[in-house]
Amino acid sequence: MKKRLNDTEKTSCRIRSHVVDMSYRSKTAEIGSALCISDILTVLYFNILNINPKKPKDEKRDYFVLSKGHGAAALYATLAERGFFPTNKLEKYRVNDGIFHGHPSRGSAPGIEVSTGSLGHGLSIGTGIALTLKKENPKVRVFVLVGDGECNEGSIWEATMFASTHKLNNLVAVIDDNGFQGFGKTREIHKMNLEQKFKSFGWKVLKTDGHNHSQLKKTLTEARNQSKPTVVIAKTIAGKGIPHIEHTLLAHYYVVDEKTHKNHYAK
Amino acid sequence: MRNDFTKQVNIEMKKNKNIIFLTGDLGFNALESIRTNFPDRFINVGVAEANMIGIAAGLALTGKKVITYSIAPFITLRAYEQIRNDLCYQNLDVKVVGTGGGFNYSTHGLSHHSIEDLAIMSVLPNMEVFSPSYSWEAKESIRAMIKSKGPAYIRLGKNPALDYSKPDFKFVVGQGYIIKPGKDILLMITGNILDYGVTIANIIKEEVGLNICLVSMPSIKPIDEEWFLKVAKNMKMVATMEEHSLHGGLASKISMIFSQSGLNKKFLPFGIPDRFIKDVGNRDFLLKKSGLDPETVSKKIIQCLKNI
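Residues numbered from 1 in each chain as written. Chains lettered and ligands numbered in written order. Predicted model: local features only at pLDDT ≥ 70, side-chain atom pairs only at ≥ 80, totals over all residues.

In this structure, what is going on with the overall build of chain A? I would like to understand it.
Broken down by element type, chain A carries 10 helices and seven strands. Over its C-alpha trace chain A gives a radius of gyration of 17 Å, about what one expects of a compact globule, namely 18 Å for 267 residues. Across its three principal axes, chain A shows a C-alpha extent of roughly 50 × 45 × 40 Å. Per-residue burial over chain A gives 52% buried out of 267 residues. In chain A, once contacts between residues fewer than 6 apart in sequence are set aside, the share between residues at least 24 apart is 74%. (Helix = DSSP H or I, 4+ residues; strand = E, 2+ residues; numbered from the N terminus. Rg over C-alpha atoms; globule rule 2.2 N^0.38 Å. Buried ≥ 20, exposed ≤ 12 C-beta atoms within 10 Å, placed from the backbone. Contact = placed C-beta atoms within 7 Å.)

When you look at the interface of chain B and chain A in this model, what are you seeing that I'm missing?
By convention, interface size is frequently given as the accessible area that disappears when the constituent parts associate. Opposite the 20 residues of chain B that make contact, chain A presents 19 residues. At the level of elements, α3 (49-61) and α5 (80-88) of chain B are the ones that each hand at least two residues to the side of chain B that touches chain A. The greatest single-element share of the side of chain B that touches chain A, amounting to nine residues, is contributed by α3 of chain B. In the side of chain B that touches chain A, the residues fall into nine nonpolar, eight polar and three charged. (Nonpolar A, V, L, I, M, F, W, Y, C, P; charged D, E, K, R; others polar.)

I'm lost on the domain arrangement of chain B in this one. Help?
Residue and element names in this part refer to chain B. Taken domain by domain, chain B holds domain 1 (2-156) and domain 2 (177-306). On a C-alpha basis, the centres of domain 1 and domain 2 stand 26 Å from each other. Listed by partner, the interface residues are 24 residues for domain 1 and 26 residues for domain 2. Those elements that provide at least two residues to the side of domain 1 that touches domain 2 are α6 (117-122), β5 (128-130) and α7 (135-147). Here the residues of the side of domain 1 that touches domain 2 are counted per class, giving 11 nonpolar, nine polar and four charged. (Domains from an automatic or database assignment.)

So what exactly am I meant to see when it comes to the packing of helix α2 (residues 31-48) of chain A against helix α8 (residues 213-224) of chain A here?
Geometry of a packed helix pair, given as the angle between the helix axes and the separation of the axes. All names here are of chain A. Running from N to C, α2 and α8 cross one another at 60°; their axes reach a closest spacing of 10 Å. With respect to each other, α2 and α8 are oriented oblique. Read as a crossing pair, α2 and α8 show a hand that is right-handed. Counting all contacts with α2, which are made through Asp-39, Ile-40, Val-43, Leu-44, Asn-47 and Ile-48, the residues of α8 involved are His-213, Leu-216, Lys-217, Leu-220 and Thr-221. (Axes fitted to C-alpha atoms, helices over the stretch in contact; angles between N-to-C directions. Parallel < 35°, antiparallel > 145°, perpendicular 65-115°, else oblique. Left-handed = near helix turned anticlockwise from the far one by under 90°.)

Could you clarify how one ought to interpret the sheet that holds strand β3 (residues 171-177) of chain A in this entry?
Residue and element names in this part refer to chain A. Strand order in the open sheet formed by five strands is β1-β2-β3-β7-β6, with parallel pairing between adjacent strands. The sheet terminates laterally at β1 (63-66) and β6 (204-209), the two strands that pair on one side only. Taken over all neighbouring pairs, the strand axes of this sheet differ in orientation by 20° on average, direction set aside. (Pairing = 2+ DSSP bridges.)

Sorry, what's going on with the pairing of β6 of chain A here?
Side-chain direction in a regular strand flips from residue to residue, so the side chains alternate between the two faces of the sheet. Residues and elements named next belong to chain A. Of the pairings in the sheet, the one linking β6 to strand β7 (residues 230-235) comprises six bridges and is parallel in character. Bridged to Val-205 within β7 is Val-231. Remark: the β6/α8/β7 crossover connection has right-handed handedness. (Right-handed = clockwise from strand over helix to strand, strands pointing away.)

Where do I start with the sheet that holds strand β10 (residues 219-221) of chain B in this structure?
Whether parallel or antiparallel, the strands of a sheet pair through hydrogen bonds between backbone atoms. Residues and elements named next belong to chain B. Taken together, the seven strands give an open sheet; going across it, the order is β2-β1-β3-β4-β6-β5-β10, and neighbouring strands pair in mixed fashion. For this open sheet the edge positions go to β2 (42-44) and β10, each flanked by a neighbour on one side alone. Sheet twist, expressed as the average angle between the axes of neighbouring strands with direction ignored, equals 20°. Bridge count between strand β1 (residues 19-23) and strand β3 (residues 65-71): five bridges; the pairing is parallel. What sits directly across from Phe-21, in β3, is Ile-67. Relative to the sheet, α7 contacts β3, β4 (94-99), β5 and β6 (152-156), its axis offset from that of β6 by approximately 165°.

Okay, here's the thing in structure tokens:
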């Protein structure tokens, strides 16, 4: 029996469809990562972040930084669905005379707060944003979405140390724990226990299924109200939504072909 | 020069409460006054230059003006990608301060020499680059840098013994300052190797009776082309001198102006040759090893004049 989808789940499906369209249209890859963060982004933008698409620069807005910039297609689709700009703008993804790069570029469209692309930058930037806001606007929260493979980068741990020392309880890192990175499985490349590591750096650690909306909602809400910086380790499936690439390294490099595009819509 | 920097930063931070100062765990005997005077706006980020620049970007995104500080090669090379992507690409109001430019950390060894910073910083779009030679230029460069709203890099050296400033000097970004007037040879120098320029001018006057127009160039990017062409116009030859690689610094910028403007003059660039200077010794010793001592430079200028 098919599960009845709630509103945010339906929105996630639409976001994934946009991502599939964007890859198919532009004949470009890196959608595995976009597909696997679509649920996290949906819950963040529709349930958690205090934002107003009509006032994208509102001083009291929460901030979102996509540190794993290669998931940008999902960010653009989410922003469009949330009303920051019309969905037809998504046709301008990775095409000549387009609007959207494969990695976010600040100012290219409303709601894109920070330019990212090279891994290991976003958490430091989010930390700097949180540092100002902690003093000037302590209710505002800064969410940074980091890849599990991205945690190989030393700068992630530099930022983690700093955030803990400065008690940045307004900073939430969400780890997209899909188990794959550029050229292999994350846990095979480094035997990293993310939970232990973040705990030892003085962070609160929460865990969730990265595709279960009610769990995501509950955990991300909990993450907003902590006395120290918090990481939410979200277990996800690389390539979520395209069955033959799910849980594979290929998901990162996959370009949606005609057959997959048709099948996606048939469902 | 570090003390001039500290004094001026104290003045600027007092005036502008929006300035935040970050250091990568350096500043002993230099930054204490900033730390004492502005405890809420001074942060030792720790030995983590990449994170420091990222944090600075985040602070700038929330409306702060940020000064970041470390030894020149550490802040420019370790955090280069952050400087490029986080600061320059997003055109953020963050100032990058590198101390000990050139061979100032002489006997510390190659890891501490900064001979490529002007090149790698000035190749970045949106970045302004300053390389003051002495006290007045340091203070004025900092003032100009703080006034601007985008990213900037400043290389600090040591204080030379002399103060070269004149009452009629008015700091304009992109322009140089005539330290010693002359009508025969234009010698443009950036950074605290300017001291050598005075000696070179004296040697040349004594040996061949020609007058060097000695110009100090605290701005590496931008350089005011019109100003340069006006100063260079009636000279027999133009020479540049810098405690930096021959590639990508003052010499490269001036030769670019030459080629684009069609200025037809003999041009002689003096800088550090394209090799690592591995010798052990003090700053003067390393400069001599690089062929930048006043005697060698004077000899080459005189030789060149004979061929004009």
